[in-house]
Amino acid sequence: MTGRFDLLDLFVLLVYLSGTTALGLWIGREQRSATDYFVAERAIPWWAVLFSIVASETSALTFISIPGLAYIGNLGFLEVVAGYILGRIVVARTLLPRYFEGNLVTAYALLETRFGLGARRFTSIVFMVTRAMADAVRVFATAIPVALIIGPALPKQYAMPTAILVLGLLTVIYTYRGGMKAVVWTELLQASIYLLGGLSAIVLIGQAVDGGWSTIVARAGDAGKLQVIDWYTGFDRPHTMFAGLIGGGFLAMASHGADQLIVQRLLSSRSLRDAQVAIIGSGFAVFAQMALFLFVGLGLWVLYDGRPFASADAIFPTYIIEQMPHGLIGLIVAAIVAATMSTHSGAINALAASSTHDIYLPLTGRAPDDPRTLKVGKMFALGWGLVLTFGALLFKEQGTPVVVIALSIASFTQGGLLGGFFLGLFWARANQRDAIFGMSVGIFAMAFIVFAKQLIAAFPGLEPTLGGVASIAWPWYVLIGTSLTFLAGMLLSFTHAAPTTGDRASQGIRS
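Residues numbered from 1 in each chain as written. Predicted model: local features only at pLDDT ≥ 70, side-chain atom pairs only at ≥ 80, totals over all residues. Heavy atoms only, no water.

*Asks:* Sorry, what's going on with the overall build of the protein chain here?
*Replies:* Per the secondary structure count, the protein chain includes 21 helices and zero strands. A compact globule built from 511 residues would reach a C-alpha radius of gyration of about 24 Å, and the protein chain, at 23 Å, matches this within 12%. By principal-axis analysis of the C-alpha atoms, the protein chain measures approximately 75 × 55 × 45 Å. Considering only contacts within the protein chain whose residues lie at least 6 apart along the sequence, 84% involve residues at least 24 apart. Considering the protein chain, the positive charge centre built from 32 side chains and the negative charge centre built from 27 side chains are found 7 Å apart. (Helix = DSSP H or I, 4+ residues; strand = E, 2+ residues; numbered from the N terminus. Rg over C-alpha atoms; globule rule 2.2 N^0.38 Å. Contact = heavy atoms within 4.5 Å. Lys, Arg positive; Asp, Glu negative; His and termini not counted. Charge placed at Lys NZ, Arg CZ, Asp CG, Glu CD.)

*Asks:* How should the side chain of threonine 186 be read in this particular structure?
*Replies:* Turning to its location among the elements, threonine 186 is positioned in helix α8 (residues 156-208). A polar atom in the side chain of threonine 186 sits 2.4 Å from the backbone oxygen of alanine 182. If we ignore the near neighbours within four places in the chain, the residues touching threonine 186 are Thr20, Leu23, Gly24 and Tyr174. (Polar contact = N/O pair within 3.5 Å; in protein donor to acceptor, adjacent residues only side chain to side chain.)

*Asks:* What should I look at first to understand the nonpolar core in this one?
*Replies:* Within soluble globular proteins, side chains that are nonpolar tend to cluster in buried spots. Core analysis: the largest hydrophobic core is formed by 139 residues, its most contacted members being Phe63, Phe77, Tyr99, Leu300, Ile320, Met324 and Phe421. The leading source of residues in this core is helix α14 (residues 328-364), at 17 residues. Excluding residues that lie within four positions of it along the chain, isoleucine 320 makes contacts with Phe63, Ile329, Ile332, Val333 and Ile336. Counting twelve residues, the second largest nonpolar core, distinct from the first, contains Val137, Phe140, Ala143 and Ala163. (Core = buried A, V, L, I, M, F, W, Y, C linked by side-chain atoms within 4.5 Å. Buried < 20%, exposed > 50% of the residue type's maximum accessible area, 1.4 Å probe, protein only.)

*Asks:* Before we go on, may I ask you to explain helix α3 (residues 46-57) in this structure?
*Replies:* Three- or four-residue spacings in an α-helix give side chains the same orientation, since the helix completes a turn every 3.6 residues. Across its twelve residues, α3 extends 17 Å between first and last C-alpha, which sits within 8% of the 16 Å expected from 1.5 Å per residue. For α3, the set of buried residues is Ala48, Val49, Leu50, Ser52, Ile53, Val54, Ala55 and Ser56. (Expected span 1.5 Å × (residues − 1).)

*Asks:* What is the right way to look at helix α15 (residues 371-394) in this model?
*Replies:* The terminal C-alpha atoms of α15, which comprises 24 residues, lie 36 Å apart, in line with the 34 Å expected from a rise of 1.5 Å per residue. Among all positions in α15, only Thr373, Leu374, Val376, Gly377, Lys378, Ala381, Trp384, Gly385, Leu388, Thr389 and Ala392 are buried. Taking the backbone nitrogen of arginine 372 as reference, a side-chain oxygen 2.8 Å away marks aspartate 370 as the first, capping residue of α15.

*Asks:* Just to check I follow, could you spell out a nonpolar patch on the surface for this structure?
*Replies:* There is a patch of nonpolar side chains on the surface, built from Leu86, Ile89, Val228, Ile229, Trp231, Phe242, Leu245 and Ile246 and spanning about 660 Å² of accessible area. The set of elements that each furnish at least two residues to the nonpolar patch consists of α5 (77-101) and α10 (241-257). For the nonpolar patch, the element with the highest residue contribution is α10, accounting for three residues. Within the secondary structure, isoleucine 246 sits in helix α10. (Patch = residues over 30% accessible without salt bridge, like charges linked within 9 Å, V, L, I, M, F, W, Y side chains within 5 Å. Areas by Shrake-Rupley, 256 points an atom, 1.4 Å probe, with all protein chains shown as cover. Salt bridge = Lys/Arg side-chain N within 4 Å of Asp/Glu carboxyl O.)

In structure tokens:
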């Protein structure tokens, strides 16, 4: 075996890229309406939605960063993933029924029915900005191993940009043409590829270590790397039982209940019951998947005898390039590409849906079934695809695991969005002004908490003010943002009269 990417590997990768693109184009060859384009006429079976959700969560961050977390730490990340399951259950019981009652296309339309058009526009714009930043990071992460492969054939400064452009533009092509149908069904293929890649890594690592996985587990156990549960109660560690179950639960509530990327897939289900089964089932599937990739990291720790790497994100790609056999290198790289292409395509379609239904249609007064709406939706998809791709070109390596960067970006605004939904559901006094104010306070405050370390580095004089919050671990971000949003909106609601019983009924507020 050599570390070079040979013709067989290139053939495997090209077959995958061309096959996925062709599949997406074929599936989306007939788009009859904007509803078909954005929610697939609400005809996707629950099991396809389930695996689509899993695939959308599994970008290159999972494939690259999660093994790195186990390599430098232990299995504590599973505590956060357990919280994801709890958060999904809450979403299935509280928000999903409201979405299906309203026959909605975007999550933020629910806030219009409760508060007004201004709240819908505000939350949609917040989603679009945050999703664009987070997914640009994901595209960058995927380009890391691809750049390592093509690096010998190109000047160093061109390797990453070339990798980003190839991955981004291919995804744009089939997403623009195929809509949500192409997103969901290509994601099933992509999920199969990256799971096969992860399982292949497990097998090969076991064969490369004397004594196989029994030796790996024994050595990892002796080093304390099999630890899953940490009862520490502070706020400065991310992988503890409290941070995982509570913080991870709120993160999942936000990402699966108030983020268009996932909600749009759920709204493509045939019924509310199907959507509930899909979202809860996806939680258990993600738990198993994360465990798989964490064990890849444990195996690599034993194989490399714990030697240090420049960054945790470089560990698994280094193994792929240096030690995997030809053909399988191509498959694994295809798996990494598959993971992010699935998330990337879903993000493009979700951003286009929000732009079309939350911004364009209210401004123009056009109907969702107007033939021009489909054309405009496709143009938004093309535009957002280019924004995400070129945004990835601007991202610079920071030494921090990319998964932490992306989750931090998402958490920066998701708490505010979830707090806005909670105000609408559980606080009868709140009106549109209260909701927008509360979300603004939550997002503004979280900007200082999430980016405290960067602000202190740039402005050392802020150390006395921000030093305390700089140590807060990322799983707590959404809970803090949600709490600040709800509290600010609740307090402001006491400055005006409470809505009448008729107003409350018309807004769908619980008694």
